[in-house]
Amino acid sequence: MTIETVGVVGAGQMGNGIAHVLAVAGYDVTLMDVDAQRLEAGLARIGANLGRQVARGKTSEEAKRLALGRIRTTVALQDLGASDLIIEAATERESVKQKIFDELAPSLKPKTILTTNTSSLSITRLAGRTSRPEQFMGLHFMNPVPVMQLVELIRGIATSRETFEAVQALVQRLGKSAVVAEDYPAFIVNRILIPMINEAIYTLHEGVGSVVDIDQSMKLGANHPMGPLELADFIGLDTCLAIMSVLHSGLADTKYRPCPLLVKYVEAGWLGRKVGRGFYDYRGEVPVPSR
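What counts, and where the lines are drawn
- Residues numbered from 1 in each chain as written.
- Predicted model: local features only at pLDDT ≥ 70, side-chain atom pairs only at ≥ 80, totals over all residues.
- Heavy atoms only, no water.
- Buried < 20%, exposed > 50% of the residue type's maximum accessible area, 1.4 Å probe, protein only.
- Helix = DSSP H or I, 4+ residues; strand = E, 2+ residues; numbered from the N terminus.
- Arc of directions from axis to C-beta.
- Contact = heavy atoms within 4.5 Å.
- Pairing = 2+ DSSP bridges.
- Right-handed = clockwise from strand over helix to strand, strands pointing away.
- UniProt positions renumbered as here; feature names shortened; annotations may be inferred.
- Polar contact = N/O pair within 3.5 Å; in protein donor to acceptor, adjacent residues only side chain to side chain.
- Salt bridge = Lys/Arg side-chain N within 4 Å of Asp/Glu carboxyl O.
- Phe/Tyr/Trp six-rings, centres within 6.5 Å; stacked < 30°, edge-to-face > 60°.
- Lys NZ or Arg CZ within 6 Å of the ring centre and 35° of its normal.
- 1 Å grid on protein atoms, 1.4 Å probe; cavity = no way out; pocket = protein on both sides within 12 Å on 5 of 7 lines; lining within 4 Å.
- Expected span 1.5 Å × (residues − 1).

Looking at helix α8 (residues 211-221), one finds that the buried residues are V211, I214 and D215. Projection of α8 onto a plane perpendicular to its axis shows the buried side chains occupying an angular sector of 95 degrees, all on one side. What points out from α8, more than 90 degrees from its buried face, is the exposed set L220 and G221. Of the surrounding elements, those touching the buried residues of α8 are α7 (189-205), α9 (228-235), β9 (280-281) and β10 (288-289). One or two positions beyond α8, positive phi appears at N223, with a value near 65 degrees.

Given below as structure tokens:
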């Protein structure tokens with residue numbers, strides 16, 4: 001199962017980062033989004049990120065030009081059907097992902113491999129809704145994709161050895177490091193990371209420390225490069241809540257109960273950096289705690 005052409009569904013933060021690293025590695029990429037403006041913004045971001053890599057001497061202008069030339073965009077999902085591999089990188093809602101795979105089905109080649117960049121949802125359940133569960137698996141990149149080295153590979157109960165090996169080879173060609181996670185809620189990274197963030201939010205909710213003191217404590221006391229509340233804003237509070245909800249429902253353990261303050265922030269639309277406000281307010285020159 002040789003992969004040379006890849007379709008990416010979603011041109012947001014994860015999707016454009018995935019398209020970036022694929023194109024740099026020599027794959028022909030079709031980047032799809034229903035929003036044409038998001039596609040334009042995604043391409044612009046890829047160009048800007050490649051430009052920074054050129055400025056730092058990590059790549060050349062010629063390599064940048066070639067990489068950008070390997071990416072084409074479309075608003076039509078069926079245009080991805082001829083790809084050897086499809087990576088779904090849409091929002092972290094199971095109903096959205098299921099609809100995407102349902103709509104892709106009629107246009108797929110017989111040997112096309114389907115993958116999802118989900119950070120928490122059941123691979124087996126998503127695969128079971130398709131006509132090719134043997135050719136379906138999880139391919140979870142870390143954010144920001146061009147920078148982070150790790151990729152989680154998650155097999156569903158029906159994923160074939162050939163599918164797994166083909167996707168594993170793609171990760172190697174990208175120059176990234178793969179870990180294999182079993183198909184349990186949130187896999188490895190988010191099973192550990194998101195409950196830590198949730199506990200930091202409880203610490204704020206209960207008045208144990210302020211936003212700044214909690215983040216400083218973990219940066220200076222545990223040598224974390226980013227405080228947990230700052231990291232939550234970077235990930236997106238809606239994504240953090242979605243993952244905690246999957247953990248809570250999937251493992252039926254009260255220790256995974258989402259903090260009420262996290263729920264309130266999401267209800268308020270304070271989702272983090274992407275909207276300008278989360279635990280910090282990013283609308284000024286320097287981020288400051290929102291409350």
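With that settled, the discussion passes to the pairing of strand β6 (residues 136-141). Among the 6 residues of β6, 6 are classified as buried, and the element is accordingly described as predominantly covered. Looking at chain direction, strand β5 (residues 113-116) and β6 are connected through 3 bridges and run parallel. Each residue of the ladder has a partner; that of T115, found in β6, is M137. Note that the unit made of β5, helix α5 (residues 123-128) and β6 has a crossover that is right-handed. Alignment of β6 against strand β7 (residues 150-155), held across 5 bridges, turns out to be antiparallel. Bridge assignment links M137 to a residue of β7, and that residue is R155.

Feature annotation in UniProt places "site: Important for catalytic activity" (unreviewed entry) on H140, given in this structure's numbering. By the element assignment, H140 lies in strand β6. Setting aside residues no more than four positions away along its own chain, H140 makes contact with T116, N117, T118, S119, L150, V151, E152, I154 and N190. Within the structure, the side chain of H140 is placed 2.7 Å from the side chain of E152, a separation counted as a polar contact.

With that settled, the discussion passes to the pattern of salt bridges. Within this structure, the stated rule accounts for 16 salt bridges. Across the pair D33 and R38 runs a salt bridge whose closest N-O atoms are separated by 3.0 Å. We note a salt bridge from E267 to K264, for which the minimum N-O separation is 3.7 Å. Of the two residues, E267 and K264 both sit in helix α11 (residues 260-268), 3 residues apart, roughly one turn of that helix. For the pair formed by E267 and K264, the shared burial category is exposed. Through salt bridges with shared partners, a single ionic network connects D33, D35 and R38.

Before going further, it helps to spend a moment on the packing of aromatic side chains. In this description, a pair of aromatic rings is defined by centroid distance and the angle of the planes. A full pass over the atoms with the stated rule returns 4 aromatic pairs. Note on Y265 and W270: the rings are 5.4 Å apart at their centroids and 90 degrees apart in plane angle, and the pair reads as edge-to-face. On the basis of relative accessible area, Y265 is assigned to the buried category, the value being 3%. Their ring planes at 50 degrees and their centres at 6.3 Å tell us that Y280 and Y282 sit as a pair that is tilted. Among the aromatic side chains, those forming a connected cluster through ring pairs are Y265, W270 and F279. Above the ring of Y27, the side-chain terminus of R173 is found at 3.8 Å from the ring centroid.

Moving on, we get to the UniProt feature "binding site: NAD(+)" (unreviewed entry) in the protein chain. Within this structure's numbering, the places UniProt gives as "binding site: NAD(+)" (unreviewed entry) are G10, A11, G12, Q13, M14, G15, D33, E92, K97, S119, N143 and K274. Of the residues named above, Q13 and N143 line the second largest pocket. Positionally, G12 belongs in the loop between β1 (5-9) and α1 (13-24). Of the residues examined, G12 reaches a relative accessible area of 26% and is grouped as partly exposed. Setting aside residues no more than four positions away along its own chain, G12 makes contact with D33 and R38. The residue S119 is located in the loop between β5 and α5 in this model. If we ignore the near neighbours within four places in the chain, the residues touching S119 are E92, H140, A186, F187, N190 and I243.

The subject of this paragraph is helix α2 (residues 36-55). Think of an α-helix as turning once every 3.6 residues; residues three or four places apart then point the same way. The terminal C-alpha atoms of α2, which comprises 20 residues, lie 29 Å apart, in line with the 28 Å expected from a rise of 1.5 Å per residue. Turning to α2, its buried residues are L39, G42, I46, G47, N49, L50, Q53 and V54. Projected down its long axis, α2 carries its buried residues within an arc of 165 degrees, all on one side. Of the residues in α2, the exposed ones pointing more than 90 degrees away from the buried face are Q37, E40 and A55. Backbone nitrogen of Q37 and a side-chain oxygen of the N-cap are separated by 2.9 Å at the start of α2; the cap is D35.

Quick look at unusual backbone geometry now. A cis amide bond links N143 to the next residue, P144, at an omega of 0 degrees. Inspection of the secondary structure puts P144 in the loop between β6 and β7. Here the phi dihedral of A186 falls at roughly 70 degrees; this positive angle occurs in a residue that is not glycine. Looking at the element boundaries, A186 is found in the loop between β8 (177-181) and α7.

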